[in-house]
Protein chains: 2
Amino acid sequence: MTPQVKETKEILKSHNLKSTPQRVVIYEVMKKLGHASADTIYQEIKSQFHTMTVATVYNVLDSFVGAGLLHRRMSSNNKMYFDVNTYTHCHLYSPETNVYVDYDDSELIRMVGEHLKKRKITNFELTDIDIQLVGNIKQS
Amino acid sequence: MTPQVKETKEILKSHNLKSTPQRVVIYEVMKKLGHASADTIYQEIKSQFHTMTVATVYNVLDSFVGAGLLHRRMSSNNKMYFDVNTYTHCHLYSPETNVYVDYDDSELIRMVGEHLKKRKITNFELTDIDIQLVGNIKQS
DNA sequence: CTTCATGCAAAACATTTGCAAAAAG
DNA sequence: CTTTTTGCAAATGTTTTGCATGAAG
């Protein structure tokens, strides 16, 4: 067992999730990819793990989201995307390629949060701020 | 022809869209609802317009999005939503009920825009800012 | 007239469900 | 041993496609 796998098993345990080979592999892939759709994960895994089906991928991802291990996002190509980073952060999003890139900007988050606190929106209880910067991501 | 319909026809023409009864009705419904899914529009219309099918609703909505008359959004129940307000604005979104409410806050948009201008994100060409405030929308 | 939009049925696609078998703790 | 997860196949729901007919300009 590699140290990464050991770490993943501990993360699962600390989120009250039973450790199964499927869960371990899927979490490893998510760590590698950062953002991915269920099908991307399935394609990535199925060659080494030929008993797995998409249904299991969805099952596992759902359990992760429920436990707060992943966040779920929706993209304009009509697919769910999952995100390993669960702290509040922004995204660069390219509608052309359906690529998400994390954009960390704690000052922006803080600034928006403070602004909203002052605004006191009526009949609304804020739980999360989701800022998406839409545009063209150029490869470097 | 009511004045609203006349106005809708002019809007269509000014966006280089041929005026058809279907397009007129769908745009009227969108103006009334603000945000809606294709199926909501279909349900709203089919009783008065029994030749129309969902395919046509999608067709019409696509042509509107292409012409910049509507914006397309994705919600966490895995459905497209269409939005009549095409200027940059924020949304309150309730994941429980899948309800969107427009939240106009020009100061917030301006503030975020200026912050991002200063940041100069590398390898990224910004075209739109999408701010979604997730939480609980209470009925007033 | 010529081009573009509509209606229809069927296909495609992502996601979910139900249930029996297997694995985890 | 008990509970939860997996694998499978089939179902569901939304969006898209292809093509013939009809309407718009």
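Residues numbered from 1 in each chain as written. Chains lettered and ligands numbered in written order. Predicted model: local features only at pLDDT ≥ 70, side-chain atom pairs only at ≥ 80, totals over all residues. Heavy atoms only, no water.

Moving on to helix α1 (residues 3-14) of chain A. Residues and elements named next belong to chain A. Look at α1: 16 Å from first C-alpha to last across twelve residues, which is about the 16 Å you get at 1.5 Å a residue. Buried-residue contacts for α1 involve α2 (21-33) and α4 (54-66). At the C-terminal side of α1, Asn16 shows a positive phi close to 60°. (Helix = DSSP H or I, 4+ residues; strand = E, 2+ residues; numbered from the N terminus. Expected span 1.5 Å × (residues − 1). Contact = heavy atoms within 4.5 Å.)

This paragraph deals with the sheet that holds strand β3 (residues 79-83) of chain A. Picture the strands of a sheet paired through backbone hydrogen bonds; they go either parallel or antiparallel. All names here are of chain A. In space, the three strands of this open sheet follow the order β1-β3-β2, with antiparallel pairing throughout. Each of the sheet's edge strands pairs with one partner strand only, and the pair in question is β1 (35-36) and β2 (71-75). Pairing between β2 and β3: five bridges, direction antiparallel. What sits directly across from His71, in β3, is Asp83. (Pairing = 2+ DSSP bridges.)

What follows is about the protein's contact with DNA strand D. In the neighbourhood of DNA strand D, 19 residues make up the surrounding shell, with Thr20(A), Arg23(A), Thr51(A), Tyr58(B) and Met80(B) lying closest. Of what DNA strand D places within 4 Å of the protein, 80% of the atoms are sugar or phosphate. Measuring from a sugar or linking oxygen of DNA strand D, one finds a side-chain N or O atom of Lys18(A) at 3.2 Å. Thr51(A) is positioned such that a nitrogen or oxygen atom in its side chain is 2.5 Å from a phosphate oxygen of DNA strand D. Those elements that place two or more of their residues in the surface near DNA strand D are α2 and α4 of chain A together with α4 (54-67) and β3 (79-83) of chain B. With four residues, α4(A) is the largest single contributor of residues to the surface near DNA strand D. Across the surface near DNA strand D, the residue classes tally to seven nonpolar, eight polar and four charged. (Near = heavy atom within 4 Å. Polar contact = N/O pair within 3.5 Å; in protein donor to acceptor, adjacent residues only side chain to side chain. Nonpolar A, V, L, I, M, F, W, Y, C, P; charged D, E, K, R; others polar.)

For DNA strand C, the set of nearby residues contains 20 residues, the closest of which are Tyr58(A), Met80(A), Thr20(B), Arg23(B) and Thr51(B). Among the atoms of DNA strand C close to the protein, meaning within 4 Å, 83% are from sugar or phosphate groups. Between Met80(A) and DNA strand C, the recorded distance is 2.7 Å, taken from a backbone N or O atom to a phosphate oxygen. A distance of 2.4 Å separates a phosphate oxygen of DNA strand C from a polar atom in the side chain of Thr51(B). Of all elements in the fold, only α4 and β3 of chain A together with α2 (21-33) and α4 of chain B reach the threshold of two or more residues within the surface near DNA strand C. Sort the elements by how many residues they give to the surface near DNA strand C and α4(B) lands first, with four residues. For the surface near DNA strand C, the residue count by class is seven nonpolar, nine polar and four charged.

Residue and element names in this part refer to chain A. Domain boundaries in chain A define domain 1 (3-83) and domain 2 (90-134). Computed from C-alpha coordinates alone, the two centres of domain 1 and domain 2 are separated by 24 Å. Opposite the eight residues of domain 1 that make contact, domain 2 presents nine residues. Counting the surface lost from both domain 1 and domain 2, the interface buries some 710 Å², and carbon and sulfur atoms represent 40% of this. Linking domain 1 to domain 2 there are one salt bridge. The partner of Arg73 in a salt bridge is Asp130, and the shortest N-O contact between them spans 3.4 Å. Between domain 1 and domain 2 we count seven residue pairs in polar contact (both at pLDDT 80 or more) in total. Listed by contribution, the elements that provide at least two residues to the side of domain 1 that touches domain 2 are β2 and β3. Ranked by the residues each element gives to the side of domain 1 that touches domain 2, the list is headed by β2, at three residues. Grouping the constituent residues of the side of domain 1 that touches domain 2 by class yields two nonpolar, four polar and two charged. (Domains from an automatic or database assignment. Buried area = accessible area lost by both parts, 1.4 Å probe. Salt bridge = Lys/Arg side-chain N within 4 Å of Asp/Glu carboxyl O.)

On to the pattern of salt bridges. This model, assessed by the stated rule, comprises 16 salt bridges over all chains. For the salt bridge of Asp62(B) with Arg72(B), the shortest nitrogen-to-oxygen distance reads 2.5 Å. One end of the pair, Asp62(B), is in helix α4; the other, Arg72(B), is in strand β2 (residues 71-75), with ten residues separating them in the sequence. A residue is classified by how much of its surface remains accessible, and Asp62(B), at 37% relative accessible area, is partly exposed. Residue Arg72(B) is classed as partly exposed on the basis of its relative accessible area of 33%. It is possible to trace a salt-bridge network through shared partners that takes in Asp105(A), Glu107(A) and Arg119(B). (Buried < 20%, exposed > 50% of the residue type's maximum accessible area, 1.4 Å probe, protein only.)

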